[in-house]
Amino acid sequence: MTAFLTMPPDGPRSPSDTVTVFGGAGVTAVESDSVRRAAARMAAAADDLRSAARLCLAASEDVVLPGVAGAATSRQPDDGLGRPVAALAPVARALEEAVQDLARSLIQHADLCDLLGWRLLRAAGLYEEAESTAERVVGALVTAGAFGTGAAFGSQGGLGLAGAGLLAAGELAGRLGGGLITGGAPWAVSGRLGSAAVRDLAPYSDEVFAGLGSGVGQAQPGLANGYPGIAGGAGVLAHVTRELPLLGNDDQGVRVTRITAEDFADGSPPAWSDTGARSVQEAVARIDSLYPATGGAPPGTVAVQKVTGPDGAVSWTVLIPGTQSALPAEHPWDGRTDVELVADQADGATAAVERALADSGVGPDEPVTLVGHSLGGIAATALVSRAGFAERYRIGGLVTAGSPTGLLTTPPGIPALHLETPEELVSHTDGRSASENPRTRDRVTVVRSLRDSADADDRAASGDVVWAHSVSTHVRTLDLAIGVGDHRVTEVADRIGPRLDGTTVSTTFYRAERVGR
Amino acid sequence: MTGACGPPVPGPADPTAAFAAAVELLARGTDQLLAAAVEVDWEAPAAELYRAEVAEAALAVARDISRLKEAMSRVAVLRAAGGQG
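Note that the structure is a prediction, hence the values are computed from the model and not measured.

The rules behind these values
- Residues numbered from 1 in each chain as written.
- Chains lettered and ligands numbered in written order.
- Predicted model: local features only at pLDDT ≥ 70, side-chain atom pairs only at ≥ 80, totals over all residues.
- Axes fitted to C-alpha atoms, helices over the stretch in contact; angles between N-to-C directions.
- Helix = DSSP H or I, 4+ residues; strand = E, 2+ residues; numbered from the N terminus.
- Parallel < 35°, antiparallel > 145°, perpendicular 65-115°, else oblique.
- Left-handed = near helix turned anticlockwise from the far one by under 90°.
- Nonpolar A, V, L, I, M, F, W, Y, C, P; charged D, E, K, R; others polar.
- Buried ≥ 20, exposed ≤ 12 C-beta atoms within 10 Å, placed from the backbone.
- Contact = placed C-beta atoms within 7 Å.
- Pairing = 2+ DSSP bridges.

J.: Can you walk me through the packing of helix 2 (residues 89–123) of chain A against helix 2 (residues 45–81) of chain B in this structure?
T.: Two packed helices can be described by the angle between their axes and the distance between those axes. At a minimum axis separation of 10 Å, helix 2 of chain A and helix 2 of chain B run at an interaxial angle of 165°. Comparing their axes, helix 2 of chain B and helix 2 of chain A come out roughly antiparallel. As helix 2 of chain A runs across helix 2 of chain B, the sense of the crossing is left-handed. Grouping the constituent residues of the contact of helix 2 of chain A with helix 2 of chain B by class yields 22 nonpolar, two polar and five charged.

Below you can see the structure in the form of structure tokens.
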């Protein structure tokens, strides 16, 4: 039993039905066989219910007897009880309506059967929505068109690349910054895109970025450092942001310093500083406190939290926010770092996190969980994937929200959870959709299609890049995925979650700045 | 539904037979649902949720069967009253 006609629900879906999960620990052969059999039974039940509904609808027309339908009849035969038959017409009509109502109920229950079968297959990882032929064709055309645009920018030499660099860094960082473009300009293309356009383009954004990146890299192979595809294009743009006048800067690394309560806008650190996160969602939500606009933290702030359990075991959580400046800034949470990370080049953000960890005194056997939003998620994944880092630290887990991580490979055994949504565009800037992220037993990607949701807020967010990319949107995605009981998500969250909380908790905040600017 | 005047005459089709066939289909569908609930040999949270929701769906269909049977009774009474009983 392999073929299934079970389809996702038509039209707007309940928010939990817009979640799709890739990767993670799959079900066993026995389990998957039983799931498939059950789904087949659900489909058969739905067929029976629809057939019954058709019979009821057809029969309902015969309920009203000929001759009793019209109230004004010239002949009104007696019904045997002393009433004229015409008097039965209202009764017959009511019965007809009741049967039609019953038929509608049966059709709704048939739809529910299909939905439950689809949900079961999806939760077991046995259903995946395939791209239609039309979508594949459009995707290929979009890639080809974007490739040409990227190559045109690249072939213009320094000026063309400067334009591409400005556009890419501004766009990328503008999106990654979640609206906090503290050093950026208001001309971000995303701001000009109408909400409908964002919604419609979202499914093809991975093709756009893949095509653009490949085109730029192809036009300037020397600057791409031999990297193919989007990593090569990002390498070219990273070179532009570093080297060209006005755009670049000649900094000499990063300086990382501890900050105190007085450094925060309201004179106090986040309220959670001395409590551990009780869930992965809570850990992700805390990142909002590290943005200057939403948390009052200084630009370029990361948090390192030490958690001691009742048994004395120590674990650490590192919270890393995303881009805070579209243009190269005095801190490494800027557009330059974005393209450097995608290009797999040395960058200031990972350097800053490494220094913060070194300063914190993390022991070799003390698990470290890295949680990042946007640029912070790329930095976290880049660290985990780097040779040496996983040897120096015991990685307890990796959580990213709205980060393009598909080009990075994480070591086996490390639970990793990625949260994405196509409408944020950001997570597609590596040219990979969520379904193209690496799928392993340890690595799970949760993606939510906001535009398919029946929820008004989700619909609004689907046309708003900043909203779609916000920390809160990703927290809700994880809430929904856990709420539907997807075992791949709960399994990886259960591996990460216990390390986030303890009986004694302290947090150190670090500010990173570029040196030499 | 013809709307014609005159004494009641037997309709072109007997809805009772159609309703009886529908009841049979619904009974079979309910059996399929119950089997689908117990069939899943999977202990994941999603499977628990699924079992609960399928059980609810089976109950709902069972209520539909009751409604259908009640409709059959009402049809029989009506048709009897209309001179066909």
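J.: Even after reading the chapter, I still don't get helix 18 (residues 487–496) of chain A, so can you show me in this structure?
T.: Note: α-helices contain 3.6 residues per turn, so residues at a spacing of three or four share the same orientation. With seven of 10 residues buried, helix 18 of chain A lies mostly within the body of the structure. Every buried residue of helix 18 of chain A is listed here: A:H487, A:R488, A:V489, A:T490, A:V492, A:A493 and A:I496.

J.: Before we go on, may I ask you to explain the packing of helix 11 (residues 335–342) of chain A against helix 13 (residues 375–385) of chain A in this structure?
T.: All names here are of chain A. Contact geometry of helix 11 with helix 13 gives a least axis separation of 10 Å together with a crossing angle of 35°. The two elements helix 11 and helix 13 meet at a crossing, and its hand is left-handed. Only L375, I378, A379 and A382 of helix 13 make contact with helix 11, whose side of the interface consists of T337, D338 and L341. For the contact of helix 11 with helix 13, the class distribution of residues is five nonpolar, one polar and one charged.

J.: Where do I start with the sheet that holds strand 1 (residues 19–23) of chain A in this structure?
T.: Sheets are built from strands paired through backbone hydrogen bonds, the pairs being either parallel or antiparallel. All names here are of chain A. Spatially, 1-8-7-6-5-4-3-9-2 is the arrangement adopted by the nine strands of the open sheet, whose pairing is mixed. The open sheet has two edge strands, strand 1 and strand 2 (254–259), and neither has a second partner. Adjacent strand axes in the sheet meet at a mean angle of 20° when their direction is disregarded. Here strand 4 (residues 314–320) pairs with strand 5 (residues 367–373) via five bridges, running parallel. Note that in strand 5 the partner of W316 across the bridge is V368. Contacts from helix 13 reach strand 4, strand 5 and strand 6 (394–401) within the one sheet, and its direction differs from that of strand 5 by about 145°. Strands in contact with helix 17 (residues 471–483) are strand 1, strand 5, strand 6, strand 7 (416–420) and strand 8 (443–448); relative to strand 8, the strand with the most contacts, it is inclined by about 110°.

J.: Help me out: how do you make sense of the environment of A:G502 in this one?
T.: Residue and element names in this part refer to chain A. Relative to the assigned elements, G502 resides in the loop between helix 18 and strand 9 (504–514). Measuring from C-alpha to C-alpha, the distance between G502 and P270 comes to 18 Å, with 232 residues separating the pair along the chain. With sequence-adjacent residues up to four places away left out, G502 is seen in contact with G276, V307, T308 and G309.

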